[in-house]
Amino acid sequence: STDAKGNTIKIKRVVDRLTGNRKEDKKEKEYTYEVQWEGLGYEYNTWLHLSKLEKLGFKKLMKLVDEKVAQREGSYKRPLTQANVEKHLEDVGLDREFGTHLVC
């Protein structure tokens with residue numbers, strides 16, 4: 001940001017949270033994570049490199065994001081079979097039978 005005279009103004013930002021999004025920076029060959037800043041709306045979210053977030057102490061939160069991304073990616077790779085549907089229903093606390101009955 002700049003003031004009325006065109007001088008650069010430094011704004012101190014505090015990381016509020018990692019949003020759960022991650023992408024690969026092919027040029028830098030490392031992941032970047034979407035960061036939401038304290039007191040700012042989502043339109044001000046930015047992407048920070050893994051190395052920068054590690055220095056700031058966000059290693060545990062990055063691991064959670066990595067697990068979330070892996071789950072999301074894995075959920076699309078399971079074929080839609082009766083066995084997988086029944087397993088999913090059990091995983092979310094429903095009876096397997098909900099996947100085998102037809103409604104006429």
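Higher on the page you've got the structure.
This section reports on the structure supplied with the text. In this text, all values refer to a predicted model and were calculated from it rather than measured experimentally.

**Describing the sheet that holds strand E3 (residues 46–49)**
Here is step 1: Overall, antiparallel pairing links the three strands, which are arranged E1-E2-E3 in an open sheet. In the strand order of this sheet, the two ends are held by strand E1 (15–25) and E3, each with one partner. Neighbour-to-neighbour, the strand axes of this sheet turn through a mean angle of 35 degrees, independent of strand direction.
Here is step 2: Relative to E3, strand E2 (residues 30–37) runs antiparallel, the two sharing four bridges. When the sheet's bridge partners are listed, valine 35 is paired in E3 with threonine 46.

**With respect to the side chain of glutamate 86**
Here is step 1: Positionally, glutamate 86 belongs in helix H3 (residues 82–91).
Here is step 2: The class of glutamate 86 is buried, set by a relative accessible area of 11%.
Here is step 3: Within polar-contact distance, the side chain of glutamate 86 engages the side chain of arginine 96 at 3.1 Å.
Here is step 4: Glutamate 86 has contacts with Arg96 and Thr100, leaving out every residue within four places of it along the chain.

Criteria and thresholds
- Residues numbered from 1 in each chain as written.
- Predicted model: local features only at pLDDT ≥ 70, side-chain atom pairs only at ≥ 80, totals over all residues.
- Heavy atoms only, no water.
- Pairing = 2+ DSSP bridges.
- Helix = DSSP H or I, 4+ residues; strand = E, 2+ residues; numbered from the N terminus.
- Axes fitted to C-alpha atoms, helices over the stretch in contact; angles between N-to-C directions.
- Buried < 20%, exposed > 50% of the residue type's maximum accessible area, 1.4 Å probe, protein only.
- Polar contact = N/O pair within 3.5 Å; in protein donor to acceptor, adjacent residues only side chain to side chain.
- Contact = heavy atoms within 4.5 Å.

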